[in-house]
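As a plain string of letters, each chain reads:
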Amino acid sequence: MGLLTYSGIATKIRAMESRLFTPQQFQEMAALEDVRSAADYLKQQPAYANIFSGLDDTRLHRGYIEHLLTYSEYQDFARLYRFSNLAQRRFLDLYFMHYEITIIKQILHNVMGGIPQPMDLSDFQEFFDKHSSMDLVKLAQAKTLEELIAGLAGSSYHGLVSDLATETPLILSDYEIRLDLLYFKTMWKVKDKILTGKEREIIGHCFGSRLDLLNIQWIYRSKKYYQLSAAEIYTLLIPVRYKLKAEQICQMAEAASLDEFFGVLRTTHYGKIPETEWNGQPNVEMLYHQILNRIYESAGRRHPYSIAVLDAYLYSKEREIHKIIAAIEGIRYGLSPEEIIAMTEKQ
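Residues numbered from 1 in each chain as written. Predicted model: local features only at pLDDT ≥ 70, side-chain atom pairs only at ≥ 80, totals over all residues. Heavy atoms only, no water.

*Asks:* Before we go on, may I ask you to explain unusual backbone geometry in this structure?
*Replies:* For residues besides glycine, phi is generally negative; the peptide bonds are generally trans as well. The backbone of Gln227 shows a phi angle near 50°, a positive value even though the residue is not glycine. Along the chain, the position of Gln227 falls in the loop between α13 (197-225) and α14 (230-236). (Helix = DSSP H or I, 4+ residues; strand = E, 2+ residues; numbered from the N terminus.)

In structure tokens:
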């Protein structure tokens, strides 16, 4: 970790950060009248100009726009990979698992939703050929769960999805949760093998906080929207604790009401973070992002010549994509600019 090791990649990242959306740009986008205007707006932004330049009116549906935005995220990853040294690439190879799971989830959505047409993954072919063991050609053609499983042969996901398919009929979210659990457990375990010293501590703090906050979010959603029992909630949780204590997780999962849940939450490390409002029943999704934004921004700022700059940028880009998709969806349904901005803050 140091200036000489990270000077090149840090300079590249600063240039890419300058193209990320500002709050003002999200405000401008939220005020647009229709999806066509939103696509035209993206054409004017340096980060998306090339990708959206050929978009025509017949392809202005959410799926294709989301496809292009995801491709932009992959392009940024590929640029950083080319600029990285061997040690930095080991971290990026691990991070790439996030993109593989995104593709699998998209295909599962089509297969389980009865969407017959194969996915067009040709934009990602070269990218995945270099970084992935998945057969993207087979996956793109999958119309059934059996064909999806066949396309995953030879990858680290084949056994998981194949085993799940033999269980009592599951819904899409069951597969998504199990894939997420695999990702988080793998990331948490492997990071200690590829990182050392200060870098291990930095990434451990960022990722550990993310795991804790995801568990808090999943407990909250399980209680608010699904009224799951504590036993059912435990099966959904990531089996990793960072700043959360085991008894705090149990108390939140077993809370008899949301008021009791938030009462416990306020006693945790995250409930005591300065400038974070946990009074009453706050919006957990917004607080999740507020806390993580602060953690990642601080890590990148305090350790500008470390693996933190890569991790912080990839987090920022991922969140930007989700916010743009949410904004376009809000525009499509005729929401007010204020409602659209509120939607983006939850992403």
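Next comes the rest of the description.
*Asks:* Just to check I follow, could you spell out the packing of aromatic side chains for this structure?
*Replies:* Remark: the centre distance and the inter-plane angle together describe each pair of aromatic rings, the angle taken between the planes. Under the counting rule described, the total for this entry stands at 24 aromatic pairs. Among the aromatic residues, those joined into a ring-pair cluster are Tyr71, Tyr74, Phe77, Tyr81, Phe91, Tyr95, Phe96, Tyr99, Phe124 and Phe128. Lying over the aromatic face of Tyr242, Lys243 brings its terminal NZ or CZ to 5.3 Å of the ring centre. The lysine or arginine in question, Lys323, covers the ring of Phe26, its NZ or CZ lying 4.5 Å from the ring centre. (Phe/Tyr/Trp six-rings, centres within 6.5 Å; stacked < 30°, edge-to-face > 60°. Lys NZ or Arg CZ within 6 Å of the ring centre and 35° of its normal.)

*Asks:* Mind showing me how you'd approach the nonpolar core here?
*Replies:* Judged by nonpolar contacts, the single largest core of 90 residues is most densely connected at Phe77, Ile103, Ile107, Phe128 and Phe261. For this core, the leading source of residues is α13, giving eleven residues. In this structure Phe128 touches Tyr74, Phe96, Tyr99, Glu100, Ile103, Met134 and Leu136, once residues within four positions along its chain are discounted. (Core = buried A, V, L, I, M, F, W, Y, C linked by side-chain atoms within 4.5 Å. Buried < 20%, exposed > 50% of the residue type's maximum accessible area, 1.4 Å probe, protein only. Contact = heavy atoms within 4.5 Å.)

*Asks:* Hey, could you run me through the packing of helix α3 (residues 35-43) against helix α18 (residues 307-332) in this one?
*Replies:* Any two packed helices are characterised by how steeply their axes cross, that is the angle between the axes, and by the distance between the axes. Running from amino to carboxyl end, α3 crosses α18 at an angle of 150°, the nearest separation of the two axes being 9 Å. Of the possible angle classes, the one that applies to α3 and α18 is roughly antiparallel. Residues Val35, Ala38 and Leu42 of α3 form the contact with α18, whose participating residues are Ile324, Ile328, Ile331 and Arg332. By residue class, the composition of the contact of α3 with α18 is six nonpolar, no polar and one charged. (Axes fitted to C-alpha atoms, helices over the stretch in contact; angles between N-to-C directions. Parallel < 35°, antiparallel > 145°, perpendicular 65-115°, else oblique. Nonpolar A, V, L, I, M, F, W, Y, C, P; charged D, E, K, R; others polar.)

*Asks:* Looking at this structure, how should I read helix α16 (residues 258-265)?
*Replies:* In an α-helix there are 3.6 residues to a turn, and that puts residues three or four apart on one side. Looking at α16, one finds that the buried residues are Leu258, Phe261, Phe262, Val264 and Leu265. Viewed end-on, α16 has its buried residues packed into an arc of 155°, placing them on one side of the element. Residues of α16 that are buried sit in contact with α13, α15 (246-253) and α17 (284-302). (Arc of directions from axis to C-beta.)

*Asks:* Looking at this structure, how should I read the side chain of Glu100?
*Replies:* Mapped onto the elements, Glu100 comes out in helix α7 (residues 97-112). Of note is the side chain of Glu100, whose polar atom sits 2.6 Å from the side chain of Ser132. Apart from residues lying up to four places away in sequence, Glu100 is in contact with Phe128, His131, Ser132, Ser133, Met134 and Tyr157. (Polar contact = N/O pair within 3.5 Å; in protein donor to acceptor, adjacent residues only side chain to side chain.)

*Asks:* Even after reading the chapter, I still don't get the packing of α13 against α15, so can you show me in this structure?
*Replies:* At a closest axis distance of 10 Å, the pairing of α13 and α15 adopts a crossing angle of 20°. Between α13 and α15, the angle falls in the class roughly parallel. In this structure, α13 meets α15 at a crossing whose hand is right-handed. Counting all contacts with α13, which are made through Ile216, Ile219 and Lys223, the residues of α15 involved are Ile249, Met252 and Ala253. (Left-handed = near helix turned anticlockwise from the far one by under 90°.)

Note that every value here comes from positions in space, so none of it alone points to a role or purpose.
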